Amino acid sequence: MIRFALPFTAMLAAAPAVAETWDMPTPYGDTTFHTVNIRQFADDVKAATDGALEITVHSAGSLFPHAEIKNAVRSRQVPIGEFFLSTLANEDAAFGMDSQPFLATSYDDAEKLWAAQKPAVEKLLADQGLMPLFSVAWPAQGLYTKKEIASVADLNGLRFRAYNAALEEFATLAGAAPVQVEAPDIPQAFSTGQVEAMITSPSTGANSKAWDFLSHYSPINAWVPKNIVVVNKRVFDGLDAGVQEAVLKAAADAEARGWDMSKAEAEAKTKELADNGITVYEPSAELVEGLQEIGAKMSETWKAKASDDAKAALDSYMQ
Ligand code: PCA
């Protein structure tokens, strides 16, 4: 048989490389555009490496709870993972810049902020053996309630869904009572009365079918937070050079594609909210003023905690 006629070295060269498979946890559900985007990233990597690296996405916190994903990548329980960048703000204020109210409220500003923040984020993650691959913004964050909110005083006493420390601080300063709830658990948290108001994107509002449990949405566009995809650096360094290149190329594509998807979602999902009966209203001048006062207080707290690198990132953004 021909197989046995081949010299041994030729057989070795012809043997396919052993395919590597990576599990990739994300906190967000299948219909979330970020999840669609990372699945495309996985497909791109597989295609570009002829199947030498296969990435399996595990959505909705099914492999690791959100709060554990970063450390799971750090400890190489998984090689790669996605999470909400500003959840790391308790480690360093630089991670939390994109969740500071009214610091960056448009995509242009958010892109500028990411460029300014990235060196500090890369350095902090490198210290933990992690390498960021790409980061994608959510649409600007808006206010969801069961009635029209005319001023901050109307938020007083509301049980308020929060997804990070900054939103918890924001809710507290508004006189509301923050409750941490992960995105996939939003519908249940509302239907059981655990929470009665939230700030999130039109994407997460529409994906949660917010019309089932609340009635009003105001695009206050308070901040434009990001997800980040990180890889364990030792695992990445262990890949063949060609595979590394393919991963970096797919990551750069995913970042560009993700921001475009986000921009398209901002409009489409706001329309979906309205089409399903939610009253979408512009915030009053009084509400905006009150929210901005909260933002100014939070900015002082942020600065008091910020490292020199974080402050330098803020300075570079402000220029
Ligand atoms: N959706 C996610 C994070 C920000 C957003 O728009 C959430 O609500 O948990």
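Going by the structure above, here's the rest.
Quick notes on the rules
- Residues numbered from 1 in each chain as written.
- Predicted model: local features only at pLDDT ≥ 70, side-chain atom pairs only at ≥ 80, totals over all residues.
- Heavy atoms only, no water.
- Near = heavy atom within 4 Å.
- Polar contact = N/O pair within 3.5 Å; in protein donor to acceptor, adjacent residues only side chain to side chain.
- Areas by Shrake-Rupley, 256 points an atom, 1.4 Å probe, with all protein chains shown as cover.
- Nonpolar A, V, L, I, M, F, W, Y, C, P; charged D, E, K, R; others polar.
- Pairing = 2+ DSSP bridges.
- Helix = DSSP H or I, 4+ residues; strand = E, 2+ residues; numbered from the N terminus.
- Axes fitted to C-alpha atoms, helices over the stretch in contact; angles between N-to-C directions.
- Contact = heavy atoms within 4.5 Å.
- Core = buried A, V, L, I, M, F, W, Y, C linked by side-chain atoms within 4.5 Å.
- Buried < 20%, exposed > 50% of the residue type's maximum accessible area, 1.4 Å probe, protein only.
- Salt bridge = Lys/Arg side-chain N within 4 Å of Asp/Glu carboxyl O.
- Parallel < 35°, antiparallel > 145°, perpendicular 65-115°, else oblique.
- Left-handed = near helix turned anticlockwise from the far one by under 90°.
- Expected span 1.5 Å × (residues − 1).
- Arc of directions from axis to C-beta.

Engineer: Got a minute to help me understand the site of the ligand in this structure?
Structural biologist: The local shell around the ligand consists of Tyr28, Phe84, Trp138, Gln141, Arg161, Tyr163, Ala183, Thr200, Ser201 and Thr204. The side chain of Thr200 places a nitrogen or oxygen atom 2.7 Å from an oxygen atom of the ligand. Ser201 has a polar side-chain atom sitting 2.6 Å from an oxygen atom of the ligand. About the coverage of the ligand: the protein hides 99% of its 260 Å² of free accessible area. Tallied by class, the residues present in the shell around the ligand amount to five nonpolar, four polar and one charged.

Engineer: Would you mind showing me how to read the sheet that holds strand 3 (residues 80-84) here?
Structural biologist: Within a beta sheet, neighbouring strands are joined by backbone hydrogen bonds and run either parallel or antiparallel to one another. Spatially, three strands are ordered 3-10-4 in an open sheet, and the strand pairing comes out antiparallel. Each edge of the open sheet is held by one strand with a lone partner, namely strand 3 and strand 4 (130-137). Taken over all neighbouring pairs, the strand axes of this sheet differ in orientation by 25° on average, direction set aside. In the packing of helix 10 (residues 241-275) onto the sheet, the strands contacted are strand 4 and strand 10 (226-232), and the crossing angle to strand 4 comes to about 25°.

Engineer: Sorry, what's going on with the nonpolar core here?
Structural biologist: The nonpolar side chains of a soluble globular protein tend to be buried, and buried together. Counting residues in hydrophobic clusters, the biggest one holds 88 residues, and the most contacted among them are Phe41, Ile55, Leu133, Phe134, Phe160 and Val247. Looking at which element gives the most residues to this core, the answer is helix 10, with seven residues. Other than its neighbours up to four places away in sequence, Leu133 contacts Phe41, Ile80, Val229, Val230, Val231, Val247, Leu248 and Ala251. If you look at the next biggest cluster of nonpolar residues, it comprises 13 residues, including Ala93, Met97, Leu113 and Trp302.

Engineer: Is there a simple way to explain the side chain of His34 in this structure?
Structural biologist: Examined against the element boundaries, His34 turns out to sit in helix 3 (residues 33-48). On the accessibility criterion, His34 (2% relative accessible area) is buried. Setting aside chain neighbours within four positions, we find His34 in contact with Glu82, Val136, Ala137, Trp138 and Asn227.

Engineer: Quick question: what am I supposed to make of the pattern of salt bridges here?
Structural biologist: Under the definition given, this model contains 12 salt bridges. Between Glu111 and Lys263 there is a salt bridge; the shortest N-O distance is 3.1 Å. Note that Glu111 is positioned in helix 5 (residues 107-126) and Lys263 in helix 10, a separation of 152 residues in sequence. Across the salt bridge formed by Lys271 and Asp275, the nearest N and O atoms sit 2.8 Å from each other. In this pair, Lys271 and Asp275 both sit in helix 10, four residues apart, roughly one turn of the helix. The pair Lys271 / Asp275 is uniform in exposure class, with both members exposed.

Engineer: Could you clarify how one ought to interpret the environment of Thr301 in this entry?
Structural biologist: Tracing the chain through its elements places Thr301 in helix 11 (residues 285-305). Thr301 sits in the partly exposed class, given a relative accessible area of 30%. Distance in space between the C-alpha atoms of Thr301 and Glu169 is 9.9 Å, their sequence separation being 132 residues. Here the side chain of Thr301 touches Glu169 through a polar contact of 3.3 Å, side chain to side chain.

Engineer: Explanation requested: the packing of helix 5 against helix 10 in the structure shown.
Structural biologist: Two packed helices can be described by the angle between their axes and the distance between those axes. Taken N-terminus to C-terminus, the directions of helix 5 and helix 10 make an angle of 150°; their axes are 12 Å apart at the nearest point. As judged from the angle between their axes, helix 5 and helix 10 are roughly antiparallel. Two packed elements cross with a definite hand, and for helix 5 against helix 10 that hand is right-handed. Packed against helix 5, whose contacting residues are Tyr107, Ala110, Glu111 and Trp114, the element helix 10 presents Glu255, Trp259, Ser262, Lys263 and Ala266 at the interface. Partitioning the contact of helix 5 with helix 10 into residue classes produces five nonpolar, one polar and three charged.

Engineer: Can you help me understand helix 10 in this one?
Structural biologist: Quick reminder: α-helices carry 3.6 residues per turn. Residues three or four places apart thus point the same way. An ideal rise of 1.5 Å per residue puts 51 Å on 35 residues; helix 10 measures up with 49 Å between its terminal C-alpha atoms. Just downstream of helix 10, Gly277 is the residue with a positive phi angle, here 100°.

Engineer: Would you take a moment to explain helix 12 (residues 308-318) for this structure?
Structural biologist: Among the residues of helix 12, Ala310, Ala313, Leu314 and Tyr317 are the ones counted as buried. All buried residues of helix 12 project into a common sector of 95° when viewed along the axis, lining one side. On the buried face of helix 12, the contacting elements are helix 5 and helix 11.

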